[in-house]
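If you want the building blocks of each chain, they are given just below.
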Amino acid sequence: MRRYLRIVVLCLACGFCSLLYAFSQLAVSLEEGAGGGGGKPQAAVASWLAGGGRSTLRGAGPVAHPSGSDRYNLKIQPVEKMHLAVVACGERLEETMTMLKSAIIFSIKPLQFHIFAEDQLHQSFKGRLDSWSFLQTFNYTLYPITFPSENAAEWKKLFKPCASQRLFLPLILKEVDSLLYVDTDILFLRPVDDIWSFLKKFNSTQIAAMAPEHEEPRIGWYNRFARHPYYGKTGVNSGVMLMNMTRMRRKYFKNDMTTVRLQWGDILMPLLKKYKLNITWGDQDLLNIMFSHNPESLFVFPCQWNYRPDHCIYGSNCQEAEEDGIFILHGNRGVYHDDKQPAFRAVYEALRNCSFEDDNIRSLLKPLELELQKTVHTYCGKIYKIFIKQLAKSIRDLYARSPKEK
């Protein structure tokens, strides 16, 4: 009898173990199913944004899943997206598309574009960007140009049409933590990932990063002509501006209008009212004023991250670019569209005419170098090799990465 009892107990124990195993497998399969899905990001728009942002989204690249042998001890980590914003008005469609293309070609992590444009440009942007959807490496959202309703007319006429829109990005994109703003005339000659990494170098007080307006004080504009406070010795240029917008929204700024510190949304209009008769470069001047009173809040990156004609038209004065090449090219003064600085125009035309096909990107350098050699009669052309030094490395790195990383 005892023998039979032992057999019954053994059978019950085996059955219980089998049930435990079955439930554990079911739990694992449910966990994997929950981890596999993914939603598309939504952009939050401030309450004063008339009409709301008109959004078109494209899926980002695939997310790597852990292998079966690791599934019990690894959690799937979402891929970080880099947020890039641009403001386009007037005849800036082609220039903006070339900038976005340069960002896509070399970047590693997926990109989220926030494109603020006049209504008549939306369909053109949508058509062009949708034709790139096969890349699966970026999302985009289109927004109308909008200012706070009570002062819209005043903001619209500041400096250039739409230029001051960038000041309101922290208030419009409330759900975005960090953002890289660039002008339409920017070209990325290395991955966006590299400038994005500066966010991790911010100390506890820094909220934004920009490059100096000038390297050489003798040709500086702010230190010679400005009638308002400005940052540092020569001011800063806002054409490339990296922002921790969470910190920007939280910070209370020192100012010269009141002893009370003001938040971002409260300081902009008082600054404009006080200095509107003294500023020349619009929103960039307001940013210089703001950071002149809060210098601890700004991270300054080297000139090669915002390389402009001023760095070479009177002779080379960006030492970092001479050593390592240009990382981000900024064709202000309209140099992509005239013959005054043909070296800048040559790089722009090469990237504008480049497609996403491998052979096209690989063969970009040689014709570009030949065009740049024709520009040696200009000061910028004399140092033409700095225009392709980093670009050549970026192309090599692009094809050195595995197909999954491209």
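Residues numbered from 1 in each chain as written. Predicted model: local features only at pLDDT ≥ 70, side-chain atom pairs only at ≥ 80, totals over all residues. Heavy atoms only, no water.

Participant: Summarise the packing of aromatic side chains; cite the residues concerned and give the values.
Facilitator: Given two aromatic rings, one states the distance between the centres and the angle between the planes to describe the pair. Under the criterion given, the structure shown has 20 aromatic pairs. Both rings, one in W155 and one in F168, keep their centres 5.1 Å apart while their planes meet at 85°; by these two values the pair is edge-to-face. With a gap of 13 residues between them, W155 in helix α4 (residues 152–156) and F168 in the loop between α4 and α5 (169–172) connect regions that are remote in the sequence. Assigned by exposure class, W155 and F168 land together as buried. A centroid spacing of 5.2 Å and a plane angle of 80° characterise the contact between F198 and W305, whose relative ring orientation is edge-to-face. Linking F198 in the loop between α6 (192–196) and β6 (208–212) with W305 in the loop between β10 (298–300) and α11 (319–324), this pair joins segments that are 107 residues apart in sequence. Relative accessible area serves as the criterion here: at 6%, W305 is assigned to the buried category. Aromatic ring contacts, followed pair by pair, group F198, F202, F299, F301, W305 and F327 into a single cluster. The ring of F327 has R190 lying over it, and the distance from NZ or CZ to the ring centre is 4.2 Å. (Phe/Tyr/Trp six-rings, centres within 6.5 Å; stacked < 30°, edge-to-face > 60°. Helix = DSSP H or I, 4+ residues; strand = E, 2+ residues; numbered from the N terminus. Buried < 20%, exposed > 50% of the residue type's maximum accessible area, 1.4 Å probe, protein only. Lys NZ or Arg CZ within 6 Å of the ring centre and 35° of its normal.)

Participant: I'd like a description of the state of the cysteines, backed by residues and values.
Facilitator: Per the stated rule, a full pass over the model turns up 3 disulfides. Each sulfur in the disulfide pair C89 and C162 lies 1.7 Å from the other. A torsion of -90° about the S-S bond marks the disulfide between C89 and C162 as left-handed. You can see C89 sitting in the loop between β1 (82–88) and α2 (93–106) and its partner C162 sitting in the loop between α4 and α5, a full 73 residues away along the chain. (Disulfide = S-S within 2.5 Å.)

Participant: Describe the environment of W132, and please don't skip the residues or the numbers.
Facilitator: Among the structural elements, W132 can be located in the loop between α3 (122–130) and β3 (138–143). With 224 residues separating them along the chain, W132 and F356 place their C-alpha atoms 9.0 Å apart. Among all residues touching W132, those that are not within four sequence positions of it are M97, L100, K101, I104, F138 and F356. (Contact = heavy atoms within 4.5 Å.)

Participant: Go over the pairing of strand β7 (residues 236–244), please, and point to the residues and values.
Facilitator: Burial of β7 is extensive: 9 of the 9 residues sit out of reach of the surface. Relative to β7, strand β4 (residues 178–182) is paired through 5 bridges, and the arrangement is antiparallel. When the sheet's bridge partners are listed, L179 is paired in β7 with M243. (Pairing = 2+ DSSP bridges.)

Participant: If you had to explain helix α12 (residues 342–352) to someone new, which residues and values would you point to?
Facilitator: In terms of burial, α12 is largely enclosed, as 8 of its 11 residues are buried. Among the residues of α12, P342, A343, F344, A346, V347, Y348, A350 and L351 are the ones counted as buried. Where α12 is buried, its residues contact α2, β5 (186–188), β11 (328–330), α14 (365–373), α15 (379–382) and α16 (385–400).

Participant: Which residues make up the sheet that holds β3, and what are the values?
Facilitator: Strand order in the open sheet formed by 7 strands is β3-β2-β1-β4-β7-β6-β10, and the pairing between neighbours is mixed. Strands at the two margins of the open sheet, each flanked by one partner only, are β3 and β10. Direction aside, the axes of adjacent strands within the sheet are offset by 25° on average. Pairing analysis gives 3 bridges linking β6 to β10, with the strands arranged parallel. Note that in β10 the partner of M210 across the bridge is V300. Relative to β3, α3 is tilted by about 175°, and along the sheet it contacts β1, β2 (111–117) and β3. (Axes fitted to C-alpha atoms, helices over the stretch in contact; angles between N-to-C directions.)

Participant: I'd like to hear about the environment of P217, residue by residue, with values.
Facilitator: Residue placement: P217 occurs in the loop between β6 and α7 (222–225). For the pair formed by P217 and K233, sequence separation is 16 residues and the distance between their alpha carbons is 7.4 Å. The contacts of P217, once residues within four sequence positions are left out, are N223, R224 and T234.

Participant: How would you summarise the packing of α2 against α12 if you had to cite specific residues and measurements?
Facilitator: Direction vectors running N to C along α2 and α12 enclose 75°, while the axes themselves pass 9 Å from each other. Between α2 and α12, the angle falls in the class roughly perpendicular. Across the interface between the two elements, E94, E95, T98, K101 and S102 of α2 pack against Y348, L351 and R352 of α12. Looking at the contact of α2 with α12, its residues break down into 2 nonpolar, 2 polar and 4 charged. (Parallel < 35°, antiparallel > 145°, perpendicular 65-115°, else oblique. Nonpolar A, V, L, I, M, F, W, Y, C, P; charged D, E, K, R; others polar.)

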